[in-house]
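For reference, the chains in residue letters:
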Amino acid sequence: MTAHYQVHGDIAVITMNNPPVNGLGLSTRLGITDGMALANADAAVKAIVITGAGKAFSGGADIKEFGTDKALQEPNLNSVIGVLENSDKPVIAAIHSVVMGGGLELALGCHYRIAAPGTSVALPEVKLGLLPGAGGTQRLPRVLGVEPALNMIVSGEAIKSEMLAMLPGQKLFDKMAASAESLAEEALAFARSVADARPLPLVRKLPCKHPQGDAYFQFARNMVKGMSKNFPAPAKCVDAVEAATKKKFEDGMATEREIFINLMWTPESKSLRHLFLAERAASKIPDVPSDTAQRAIQSIAVIGAGTMGGGITMNFLNAGIPVKMLEMKQEALDRGIATIRKNYEAQVKKGKLKADKYEQRMALLSTTLNYDDLTGTDMVIEAVFEEIGVKEAVFKELDRVMKPGAILASNTSTLDVNKIASFTKRPEDVVGLHFFSPANVMKLLEVVRGEKTARDVMATVMAVAKKIKKTAVVSGVCDGFIGNRMIEQYGRQGGFLLDEGCTPAQVDKAIEKFGFAMGPFRMGDLAGNDIGWAIRKRRYQEKPNMKYSKTADLLCEKGRFGQKTGAGWYDYVAGKRDAIPNAEVVAMIEAHRTSLGITPRKISDEEIVQRLVFSLVNEAAHILEEGIANKASDIDIVYIFGYGFPAHRGGPMNYADQVGLFNVVQAMNRFARNPMDDANFWKPAPLLARLVAEGKTFN
Ligand code: 3HC
Ligand code: NAI
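Residues numbered from 1 in each chain as written. Chains lettered and ligands numbered in written order. Predicted model: local features only at pLDDT ≥ 70, side-chain atom pairs only at ≥ 80, totals over all residues. Heavy atoms only, no water.

**Quick look at the packing of aromatic side chains**
A ring pair, where both rings are aromatic, is described by two values, the distance of the centres and the angle of the planes.
Logical step 1: For the structure on display, the rule yields 17 aromatic pairs.
Logical step 2: On the basis of an interplanar angle of 45 degrees and a centroid distance of 6.5 Å, the ring pair of Tyr-216 and Phe-219 is categorised as tilted. Of the two residues, Tyr-216 and Phe-219 are both situated in helix H9 (residues 213–227); the distance of three residues between them amounts to about one turn of the helix.
Logical step 3: You can call Phe-219 partly exposed: its relative accessible area is 49%.
Logical step 4: On the basis of an interplanar angle of 80 degrees and a centroid distance of 5.6 Å, the ring pair of Phe-436 and Tyr-643 is categorised as edge-to-face. (Phe/Tyr/Trp six-rings, centres within 6.5 Å; stacked < 30°, edge-to-face > 60°. Helix = DSSP H or I, 4+ residues; strand = E, 2+ residues; numbered from the N terminus. Buried < 20%, exposed > 50% of the residue type's maximum accessible area, 1.4 Å probe, protein only.)

Have a look at this one:
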């Protein structure tokens, strides 16, 4: 049982105890109802306090139980809340740390609530593609007022208890405890003070109206529609709260229930739930147990103050970790610092950062031109030019000066981390930390594990990633690691689509409609088409038999490198990011097509999307089989956080699972018959073929 029962004089205390966050799984629900039965049967008990052990009151329904029989087994959450609400003895929720989702709904079913300051209060179900399904949409508006409640339900954002306690007329909290430490004592005293109060107050009995009624809900619906494209849940939250204002409580509850169950089965919710668990699973490495001792990281050195070095530095300054930046020349340092200042000043101007915080952050930054000054730092991240000779010189210097046990990381995007490690006498301390640009903004971090990287180095950098608020995914060493290795195949496929009859705008539009933040050609223009060109030139040497479209090379030969040159696949107006189709580029594509003797054909959006997405999926299957990625869900995280893959599709692997791997392979076989495409390209990866044969999925 994951809730325990104790009696303190005349007060019974039920403590949920289901680490890590007291998720309301079956055994906890049973523990609560059993405790209630004991308390109600004991004449000496006058009132009942319900609270949570450890770091939460409750994080809500047990997400890991969703989709299993246990989630449906009685007592379900609504039944548990019914037991609390119908208790003859007063039930007091003693809330602290985290009260979310079903946890908050449980508290709203109690007769009274006492909260510790600093408690994070939220109904975050919408972030899982759901709405609160145990009365949250009906009870929260009754205690907070319709507008504040709807804002919380639609955004899913957490608000601190002391802020909510200040809302005029709020009935969410009957009392605020002086501190988290005194909560237990204060809850007992409060319980005694209301032990004889009758009738017991019930949230369901409170009125629920909005003065503007229809007009307000119409306004809310319009707001939500603009914000939540691709996600059905936010609009449904509005429907449910509106029902709270217009229907009898029981009927409102029935409306909420029906919507909750329908949302639970949508692919959007399944994808978001998958991502919630995938993001947390990404931090776990199979052979690095969670109790692996970590190295202490209190200061950082960054080598190179360019685009990446500056962004990487900001992450650490933001987390309060001192950084020493090293460059070859003072001017480079000055430039790097000026860029960091410019970025922070923009944040101050937008009101996102307080001026004193900005100065505190800058005070953590020091610079040097001398490697000997790095001796005291615990970890160094190298972000110099992407040339193996330069990396060699830098790592030899780092090996000379860094203290024993310091972690030596490289931000290389293409070079062999094992080779870089071999430049030192301590390859076990070397690891790749592949940040994405802009490094101070992008959430993804690929942690590249070398052949010899020590386990405690892996454990340490995963923890450091969390500290600087990155979502880290482990990748083995290979060309392009997980993300760029897959994107190369996606780019190749984009080229074939042009050769066969598409325009860049048509391809981009189709995949953007599918939900990608940006299509391949707009992305190329943003990243710089010269980068792909350089990679292709290398490939033409390494893999002369591999088929590539040459259209992108023709574009680069015209100097159309993308936004930075004002012209790429599209034209750009200075200072703006709008991609304007260019007739000459379209003519160039057509002329090239003619020179290849290709008669263009009309290609459907569906085919465009499938070819692009399945090219990612097939390469990912190779990556999984080779052990470059530990699990399929890691690849989903890389694509959602690093490449703008639509979250409502849950990542390429989750999407392929949803489509059905059999159907994926069928489509690939069809594409392989297309004479213009590269038949080898579509040969299903052995893992993919095996999963289809066994009727299994990636995840
Ligand atoms: N159920 C089960 N496990 C949960 C959980 C939940 N509701 N919430 C968090 N966890 C688990 C995580 O999976 C993770 O497990 P792991 O250690 O095995 O990886 C662990 O708790 C810690 O999670 P975090 O890494 O996120 O820890 P933080 O301390 O950063 O955050 C939190 C804690 C604020 C509770 C955060 O986890 C969170 O926001 N959780 C989601 C809460 C949520 O969405 N609740 C609504 C559930 S749906 C619901 O209640 C339906 C109802 O209306 C009927
Ligand atoms: P950049 O050219 O903007 O900056 C490199 C900086 O390193 C320059 O300021 C240069 O003066 C300095 N430098 C060069 N040699 C040095 C040395 N021996 N000692 C000290 N400083 C030295 O390059 P950028 O874009 O920041 O890239 C850096 C690294 O990050 C590369 O390995 C690159 O592959 C990688 N990377 C780049 C990404 C990007 O989008 N730009 C994304 C992810 C990784």
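Let us keep going from here.
**Focus: the domain arrangement of the protein**
Logical step 1: You can read the domains of the protein as domain 1 (3–264), domain 2 (300–475) and domain 3 (483–694).
Logical step 2: Computed over C-alpha atoms, the centres of domain 1 and domain 3 are 46 Å apart. (Domains from an automatic or database assignment.)

**Details of the nonpolar core**
Logical step 1: By size, the foremost hydrophobic cluster in this structure holds 67 residues, and its most contacted members are Ile-482, Trp-569, Val-613, Phe-614, Ile-635, Phe-645 and Phe-698.
Logical step 2: Two domains each put at least three residues into this core: domain 2 (300–475) and domain 3 (483–694).
Logical step 3: Once residues lying within four places of it in the same chain are set aside, the contact partners of Val-613 are Ile-511, Phe-514, Phe-516, Phe-645 and Tyr-655.
Logical step 4: Counting 63 residues, the second-largest nonpolar core is a separate cluster that includes Met-16, Ile-63, Ile-81 and Tyr-216. (Core = buried A, V, L, I, M, F, W, Y, C linked by side-chain atoms within 4.5 Å. Contact = heavy atoms within 4.5 Å.)

**Side note on the site of ligand 2**
Logical step 1: Neighbouring ligand 2 are 23 residues; Met-308, Glu-327, Glu-386, Lys-391 and Ser-413 lie closest to it.
Logical step 2: Note that an oxygen atom of ligand 2 is positioned 2.7 Å from one of the side-chain N or O atoms of Ser-413.
Logical step 3: Here ligand 2, which alone exposes 820 Å², has 79% of that area covered by the protein.
Logical step 4: Among the elements of the structure, helix H13 (307–318), helix H16 (388–401) and strand S15 (430–435) are those that each provide at least two residues to the shell around ligand 2.
Logical step 5: It is H16 that provides the largest number of residues to the shell around ligand 2, a total of three residues.
Logical step 6: A breakdown of the residues in the shell around ligand 2 according to their chemical character gives twelve nonpolar, eight polar and three charged. (Near = heavy atom within 4 Å. Polar contact = N/O pair within 3.5 Å; in protein donor to acceptor, adjacent residues only side chain to side chain. Areas by Shrake-Rupley, 256 points an atom, 1.4 Å probe, with all protein chains shown as cover. Nonpolar A, V, L, I, M, F, W, Y, C, P; charged D, E, K, R; others polar.)

**What about the packing of helix H26 (residues 632–642) against helix H27 (residues 652–659)?**
Logical step 1: Viewed as axis vectors pointing N to C, H26 and H27 meet at an angle of 115 degrees, and their least axial separation amounts to 6 Å. Of H27, the residues touching H26 (which contributes Ala-632, Ile-635, Asp-636 and Tyr-639) are Pro-652, Met-653 and Asn-654.
Logical step 2: The residue inventory of the contact of H26 with H27, partitioned by class, reads five nonpolar, one polar and one charged. (Axes fitted to C-alpha atoms, helices over the stretch in contact; angles between N-to-C directions.)

**Some remarks on the sheet that holds strand S9 (residues 175–176)**
Logical step 1: Taken in spatial order, the six strands line up as S1-S2-S3-S4-S6-S9 in an open sheet, and their pairing is mixed. Sheet topology places strand S1 (3–8) and S9 at the edges, where each strand pairs with a single neighbour.
Logical step 2: Direction of pairing for strand S3 (residues 47–52) relative to strand S4 (residues 91–95): parallel, over a ladder of three bridges. Across the sheet, Ile-50 pairs through a bridge with Ala-93, a residue of S4. (Pairing = 2+ DSSP bridges.)

**A few points about the side chain of Asn-618**
Logical step 1: On the secondary structure map, Asn-618 appears in helix H25 (residues 605–625).
Logical step 2: Residue class for Asn-618 comes out buried when judged on its relative accessible area of 4%.
Logical step 3: At a separation of 2.8 Å, a polar atom in the side chain of Asn-618 contacts the main-chain amide nitrogen of Ala-685.
Logical step 4: Among all residues touching Asn-618, those that are not within four sequence positions of it are Met-668, Phe-681, Lys-683, Pro-684, Ala-685 and Leu-688.

**A few points about unusual backbone geometry**
Logical step 1: In the segment running from Pro-19 into Pro-20, the intervening peptide bond is cis, with an omega of 5 degrees.
Logical step 2: Take Pro-20: it is sitting in the loop between strand S2 (11–16) and helix H1 (26–41).
Logical step 3: Following Arg-198, the chain continues into Pro-199 via a peptide bond in cis, with omega recorded as 0 degrees.
Logical step 4: Note that Pro-199 resides in the loop between helix H8 (183–194) and H9.
Logical step 5: You will see that Asn-22, though not glycine, has its phi angle at about 55 degrees, which is positive.
Logical step 6: Position of Asn-22 relative to the elements: it lies in the loop between S2 and H1.
Logical step 7: The exposure class of Asn-22 is buried, given its relative accessible area of 1%.

**Focus: H9**
Logical step 1: Between the first and last C-alpha of H9 there are 22 Å, a value that for 15 residues agrees with the 21 Å anticipated at 1.5 Å per step.
Logical step 2: All of the buried residues along H9 are Gly-213, Tyr-216, Phe-217, Ala-220 and Val-224. End-on view of H9: buried residues confined to an arc of 90 degrees, all on one side of the axis. H9 presents Asp-214, Ala-215, Lys-225 and Gly-226 as exposed residues on the side facing more than 90 degrees away from its buried surface.
Logical step 3: Tucked into the core, H9 has its buried residues touching helix H6 (146–155) and helix H10 (233–246). (Expected span 1.5 Å × (residues − 1). Arc of directions from axis to C-beta.)

**Describing the site of ligand 1**
Logical step 1: Taken together, 24 residues lie near ligand 1, and Gly-102, Glu-105, Glu-125, Arg-280 and Lys-284 sit nearest.
Logical step 2: Contacts to ligand 1 include Ile-63, whose backbone N or O atom sits 3.0 Å from a nitrogen atom.
Logical step 3: Between ligand 1 and the protein, one listed contact pairs an oxygen atom with a side-chain N or O atom of Lys-64 at 3.5 Å.
Logical step 4: Protein chains shield 78% of the accessible area of ligand 1, which is 990 Å² for the free molecule.
Logical step 5: Taken together, the elements giving at least two residues each to the shell around ligand 1 come down to helix H4 (102–109) and helix H12 (267–282).
Logical step 6: In the shell around ligand 1, the residues fall into eleven nonpolar, five polar and eight charged.

**Concerning the sheet that holds strand S5 (residues 98–100)**
Logical step 1: The sheet built from three strands is open, its strands ordered S5-S7-S8 with mixed pairing. Edge positions in the open sheet fall to S5 and strand S8 (159–160), since each of these has one partner strand only.
Logical step 2: Taken together, the two bridges between strand S7 (residues 120–122) and S8 define a ladder with antiparallel strand orientation. When the sheet's bridge partners are listed, Ser-120 is paired in S8 with Lys-160.
Logical step 3: Against the sheet, H4 engages S5 and S7, with an angle of about 90 degrees to S5.

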